Amino acid sequence: MNIEKFENEKWKGKDQQIVFRHTEALKMINTGKILDIGCGDGLFLDMLKNIDSVGVDISKEGIKKCIKKGLKVSLCDFSKDKLPFTDNQFDYVVMLDVLEHLYSPEDLLKEAKRVSKKSIIISVPNFSSLPARAQMLLGRIPENNTKNKGHIYWFNLRILEEMLKNNDLKIVDMKMNSFWNMNFLTKIFPSIFALSFVLRAEKSVI
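The structure displayed is predicted, hence computed values, not measured ones.

Attention shifts here to the nonpolar core. By size, the foremost hydrophobic cluster in this structure holds 34 residues, and its most contacted members are Leu35, Ile37, Phe78, Leu83, Met95, Leu108 and Ile122. Elements supplying a minimum of two residues to this core: strand S1 (34-37), strand S2 (53-57), strand S4 (90-96), helix H5 (105-115), strand S5 (116-125), helix H7 (157-166) and strand S7 (196-203). Setting aside anything within four residues of it in sequence, one finds Phe78 in contact with Ile37, Gly38, Val56, Asp57, Ile58, Leu83, Val98, Leu102 and Leu108. One finds Ile29, Ile34, Phe44 and Leu96 within the second-largest nonpolar core, a separate group that totals 11 residues.

Structure representation (C-alpha coordinates):
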(Lines give C-alpha, C1' and ligand atoms only; values in the text may rest on other atoms or scores of the structure.)
Protein backbone atom coordinates (compact mmCIF):
# COMPACT_ATOMS: atom_id res chain seq x y z
CA MET A 1 0.00 0.00 0.00
CA ASN A 2 1.43 3.40 -0.97
CA ILE A 3 1.24 6.57 1.12
CA GLU A 4 -1.82 7.96 -0.68
CA LYS A 5 -3.82 4.76 -0.24
CA PHE A 6 -2.82 4.50 3.41
CA GLU A 7 -3.91 8.09 4.11
CA ASN A 8 -7.21 7.62 2.28
CA GLU A 9 -8.00 4.56 4.38
CA LYS A 10 -7.05 6.43 7.54
CA TRP A 11 -9.30 9.42 6.86
CA LYS A 12 -12.23 7.21 5.93
CA GLY A 13 -12.26 6.29 9.60
CA LYS A 14 -12.79 8.41 12.68
CA ASP A 15 -11.73 12.03 12.90
CA GLN A 16 -8.80 13.42 14.87
CA GLN A 17 -9.04 14.52 18.46
CA ILE A 18 -7.22 17.54 19.86
CA VAL A 19 -3.98 16.38 21.49
CA PHE A 20 -0.66 17.82 22.67
CA ARG A 21 0.76 18.64 19.25
CA HIS A 22 -2.27 20.70 18.27
CA THR A 23 -2.50 22.77 21.45
CA GLU A 24 1.24 23.49 21.61
CA ALA A 25 1.54 24.34 17.92
CA LEU A 26 -1.36 26.76 18.25
CA LYS A 27 0.47 28.60 21.05
CA MET A 28 3.43 29.17 18.71
CA ILE A 29 1.32 31.07 16.17
CA ASN A 30 0.40 34.74 16.31
CA THR A 31 -1.19 36.44 13.32
CA GLY A 32 -0.25 35.98 9.71
CA LYS A 33 -0.85 33.63 6.82
CA ILE A 34 -0.64 29.93 7.67
CA LEU A 35 -0.07 26.81 5.56
CA ASP A 36 -0.96 23.48 7.17
CA ILE A 37 0.83 20.69 5.29
CA GLY A 38 -0.82 17.34 5.89
CA CYS A 39 -4.01 18.95 7.13
CA GLY A 40 -5.88 15.64 7.16
CA ASP A 41 -9.50 16.10 8.24
CA GLY A 42 -8.89 19.80 8.96
CA LEU A 43 -8.79 19.69 12.75
CA PHE A 44 -5.90 22.13 13.12
CA LEU A 45 -7.19 24.38 10.34
CA ASP A 46 -10.48 24.54 12.22
CA MET A 47 -8.56 25.66 15.31
CA LEU A 48 -7.11 28.46 13.12
CA LYS A 49 -10.50 29.61 11.84
CA ASN A 50 -9.88 33.24 12.87
CA ILE A 51 -6.50 33.30 11.12
CA ASP A 52 -5.84 33.34 7.37
CA SER A 53 -4.96 29.70 6.76
CA VAL A 54 -4.95 27.10 3.99
CA GLY A 55 -4.16 23.40 3.96
CA VAL A 56 -2.87 20.71 1.63
CA ASP A 57 -3.07 16.96 1.95
CA ILE A 58 -2.29 13.81 -0.01
CA SER A 59 -5.61 12.21 0.87
CA LYS A 60 -8.77 12.82 -1.17
CA GLU A 61 -10.78 11.53 1.79
CA GLY A 62 -9.18 14.05 4.13
CA ILE A 63 -9.77 16.88 1.65
CA LYS A 64 -13.45 15.92 1.39
CA LYS A 65 -13.82 16.28 5.14
CA CYS A 66 -12.11 19.67 5.07
CA ILE A 67 -14.38 20.95 2.30
CA LYS A 68 -17.46 19.88 4.28
CA LYS A 69 -16.16 22.08 7.12
CA GLY A 70 -15.78 25.02 4.76
CA LEU A 71 -11.98 25.08 4.99
CA LYS A 72 -9.62 26.31 2.26
CA VAL A 73 -7.69 23.24 1.13
CA SER A 74 -6.23 21.59 -1.95
CA LEU A 75 -5.03 18.15 -2.92
CA CYS A 76 -1.24 17.81 -3.25
CA ASP A 77 0.99 14.75 -3.21
CA PHE A 78 3.80 16.45 -1.31
CA SER A 79 5.55 13.09 -0.94
CA LYS A 80 6.85 13.62 -4.48
CA ASP A 81 5.57 16.95 -5.86
CA LYS A 82 6.54 20.53 -5.08
CA LEU A 83 4.10 22.62 -3.07
CA PRO A 84 1.84 24.74 -5.34
CA PHE A 85 2.85 28.02 -3.69
CA THR A 86 5.34 30.81 -4.33
CA ASP A 87 8.49 31.48 -2.33
CA ASN A 88 7.99 33.16 1.07
CA GLN A 89 4.21 33.08 0.71
CA PHE A 90 3.36 32.13 4.32
CA ASP A 91 4.25 33.53 7.74
CA TYR A 92 4.01 30.05 9.26
CA VAL A 93 4.24 26.62 7.67
CA VAL A 94 2.93 23.83 9.90
CA MET A 95 3.64 20.09 9.65
CA LEU A 96 2.14 18.17 12.56
CA ASP A 97 3.13 14.49 12.61
CA VAL A 98 3.77 14.52 8.86
CA LEU A 99 7.50 14.05 8.25
CA GLU A 100 7.65 10.57 9.78
CA HIS A 101 5.13 9.37 7.17
CA LEU A 102 7.46 10.12 4.24
CA TYR A 103 10.34 8.25 2.66
CA SER A 104 12.18 11.53 2.03
CA PRO A 105 11.07 13.99 4.73
CA GLU A 106 13.96 16.34 4.02
CA ASP A 107 12.57 17.06 0.55
CA LEU A 108 9.33 18.31 2.09
CA LEU A 109 11.24 20.26 4.73
CA LYS A 110 13.06 22.11 1.95
CA GLU A 111 9.76 22.91 0.28
CA ALA A 112 8.31 24.11 3.61
CA LYS A 113 11.30 26.39 4.02
CA ARG A 114 10.90 27.71 0.48
CA VAL A 115 7.28 28.80 0.94
CA SER A 116 7.79 30.14 4.48
CA LYS A 117 8.81 33.73 5.16
CA LYS A 118 10.41 32.73 8.45
CA SER A 119 8.77 30.16 10.74
CA ILE A 120 8.17 26.43 10.40
CA ILE A 121 6.31 24.49 13.10
CA ILE A 122 6.94 20.75 13.25
CA SER A 123 5.86 17.88 15.45
CA VAL A 124 7.22 14.34 15.37
CA PRO A 125 6.96 11.38 17.74
CA ASN A 126 10.13 10.30 19.53
CA PHE A 127 11.04 6.80 18.37
CA SER A 128 13.80 6.58 21.02
CA SER A 129 11.56 7.17 24.04
CA LEU A 130 11.92 5.03 27.14
CA PRO A 131 8.60 3.22 26.54
CA ALA A 132 9.77 2.30 23.01
CA ARG A 133 13.07 1.01 24.36
CA ALA A 134 11.31 -1.02 27.05
CA GLN A 135 8.91 -2.54 24.53
CA MET A 136 11.86 -3.62 22.37
CA LEU A 137 13.61 -5.22 25.36
CA LEU A 138 10.43 -7.18 26.02
CA GLY A 139 10.45 -8.43 22.44
CA ARG A 140 7.49 -6.30 21.41
CA ILE A 141 7.10 -3.90 18.49
CA PRO A 142 7.10 -0.34 19.85
CA GLU A 143 3.75 1.41 19.49
CA ASN A 144 5.06 3.98 17.00
CA ASN A 145 6.41 1.22 14.76
CA THR A 146 3.18 -0.74 14.33
CA LYS A 147 1.81 -0.91 10.78
CA ASN A 148 -1.41 0.93 11.62
CA LYS A 149 0.63 4.08 12.34
CA GLY A 150 2.02 4.36 8.82
CA HIS A 151 5.38 5.59 10.09
CA ILE A 152 8.21 5.23 7.58
CA TYR A 153 10.99 7.52 8.82
CA TRP A 154 11.99 7.21 12.49
CA PHE A 155 12.80 10.45 14.30
CA ASN A 156 14.43 11.27 17.60
CA LEU A 157 15.71 14.64 18.77
CA ARG A 158 19.21 14.22 17.36
CA ILE A 159 17.96 13.27 13.90
CA LEU A 160 15.47 16.12 13.87
CA GLU A 161 18.06 18.67 15.02
CA GLU A 162 20.55 17.51 12.39
CA MET A 163 17.97 17.72 9.61
CA LEU A 164 17.03 21.25 10.63
CA LYS A 165 20.66 22.34 10.94
CA ASN A 166 21.50 20.91 7.52
CA ASN A 167 18.76 23.11 6.08
CA ASP A 168 19.82 26.28 7.93
CA LEU A 169 16.85 26.20 10.27
CA LYS A 170 17.27 27.23 13.91
CA ILE A 171 15.04 25.94 16.71
CA VAL A 172 13.65 28.91 18.66
CA ASP A 173 10.96 27.17 20.71
CA MET A 174 10.33 23.54 21.64
CA LYS A 175 7.77 21.73 23.77
CA MET A 176 7.82 18.08 24.80
CA ASN A 177 5.30 15.80 26.44
CA SER A 178 6.20 12.89 28.66
CA PHE A 179 4.72 9.97 30.60
CA TRP A 180 4.04 9.65 34.35
CA ASN A 181 4.60 13.43 34.77
CA MET A 182 8.33 13.08 34.04
CA ASN A 183 8.60 16.72 32.94
CA PHE A 184 11.74 17.48 34.97
CA LEU A 185 13.64 14.51 33.54
CA THR A 186 12.28 15.27 30.08
CA LYS A 187 14.09 18.63 30.09
CA ILE A 188 17.37 16.95 31.07
CA PHE A 189 17.10 13.80 28.92
CA PRO A 190 14.65 14.64 26.12
CA SER A 191 15.72 11.77 23.87
CA ILE A 192 14.70 9.29 26.55
CA PHE A 193 11.75 10.81 28.40
CA ALA A 194 9.96 12.81 25.69
CA LEU A 195 7.16 11.07 23.82
CA SER A 196 7.06 13.70 21.09
CA PHE A 197 8.52 17.05 20.08
CA VAL A 198 6.70 20.17 18.93
CA LEU A 199 9.01 22.95 17.79
CA ARG A 200 9.18 26.21 15.92
CA ALA A 201 12.21 26.73 13.72
CA GLU A 202 13.21 29.86 11.85
CA LYS A 203 15.10 30.43 8.63
CA SER A 204 18.63 31.66 9.23
CA VAL A 205 18.42 34.02 6.28
CA ILE A 206 15.11 35.63 5.34
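Now that the structure has been shown, we can carry on.
Time to look at the sheet that holds strand S6 (residues 169-177). Ordered in space as S3-S2-S1-S4-S5-S7-S6, the seven strands form an open sheet in which the pairing is mixed. For this open sheet the edge positions go to strand S3 (73-75) and S6, each flanked by a neighbour on one side alone. Going across the sheet, the axis of each strand differs from the next one's by a mean of 20°, ignoring polarity. The sheet contact formed by S1 and S2 spans four bridges and is parallel. Within S2, the position partnered with Ile34 by the bridge is Ser53.

Bringing the packing of H5 against H7 into the picture now. In the contact formed by H5 and H7, the axes pass within 11 Å of each other and the chain directions differ by 50°. Taken together, H5 and H7 sit at an angle that is classed as oblique. The element H5 and its partner H7 pack so that their crossing is right-handed. For the pair H5 and H7, contact is made by Pro105, Glu106 and Leu109 and by Met163, Leu164 and Asn166, respectively. When its residues are assigned to classes, the contact of H5 with H7 shows four nonpolar, one polar and one charged.

On to a nonpolar patch on the surface, then. A cluster of nonpolar side chains, namely Phe184, Ile188 and Phe189, defines an oily patch on the protein surface of about 340 Å² accessible area. Within the element layout of this structure, Ile188 appears in helix H8 (residues 183-188). Among the residues examined, Ile188 registers a relative accessible area of 44% and is labelled partly exposed.

Scanning the entire structure with this criterion turns up five aromatic pairs. Ring centres of Phe85 and Phe90 lie 5.0 Å apart, and the angle between their planes is 85°; this geometry places the pair in the edge-to-face category. Side by side, Phe85 and Phe90 carry an identical accessibility label, which is buried. The interplanar angle of 40° and the centroid separation of 5.0 Å between the aromatic rings of Tyr153 and Phe155 together place this pair among those described as tilted.

All right, on to the pattern of salt bridges then. For the structure on display, the rule yields 18 salt bridges. A salt bridge links Asp46 to Lys49; the shortest N-O distance between them is 3.9 Å. Overall, the relative accessible area of 58% leaves Lys49 in the exposed class. Here Lys80 ties to Asp77 by a salt bridge, and the two come within 3.9 Å at their closest N and O atoms. Bridged by salt links that share partners, the residues Lys82, Asp87, Glu111 and Arg114 form one connected network.

About the thresholds
- Residues numbered from 1 in each chain as written.
- Predicted model: local features only at pLDDT ≥ 70, side-chain atom pairs only at ≥ 80, totals over all residues.
- Heavy atoms only, no water.
- Core = buried A, V, L, I, M, F, W, Y, C linked by side-chain atoms within 4.5 Å.
- Buried < 20%, exposed > 50% of the residue type's maximum accessible area, 1.4 Å probe, protein only.
- Helix = DSSP H or I, 4+ residues; strand = E, 2+ residues; numbered from the N terminus.
- Contact = heavy atoms within 4.5 Å.
- Pairing = 2+ DSSP bridges.
- Axes fitted to C-alpha atoms, helices over the stretch in contact; angles between N-to-C directions.
- Parallel < 35°, antiparallel > 145°, perpendicular 65-115°, else oblique.
- Left-handed = near helix turned anticlockwise from the far one by under 90°.
- Nonpolar A, V, L, I, M, F, W, Y, C, P; charged D, E, K, R; others polar.
- Patch = residues over 30% accessible without salt bridge, like charges linked within 9 Å, V, L, I, M, F, W, Y side chains within 5 Å.
- Areas by Shrake-Rupley, 256 points an atom, 1.4 Å probe, with all protein chains shown as cover.
- Salt bridge = Lys/Arg side-chain N within 4 Å of Asp/Glu carboxyl O.
- Phe/Tyr/Trp six-rings, centres within 6.5 Å; stacked < 30°, edge-to-face > 60°.

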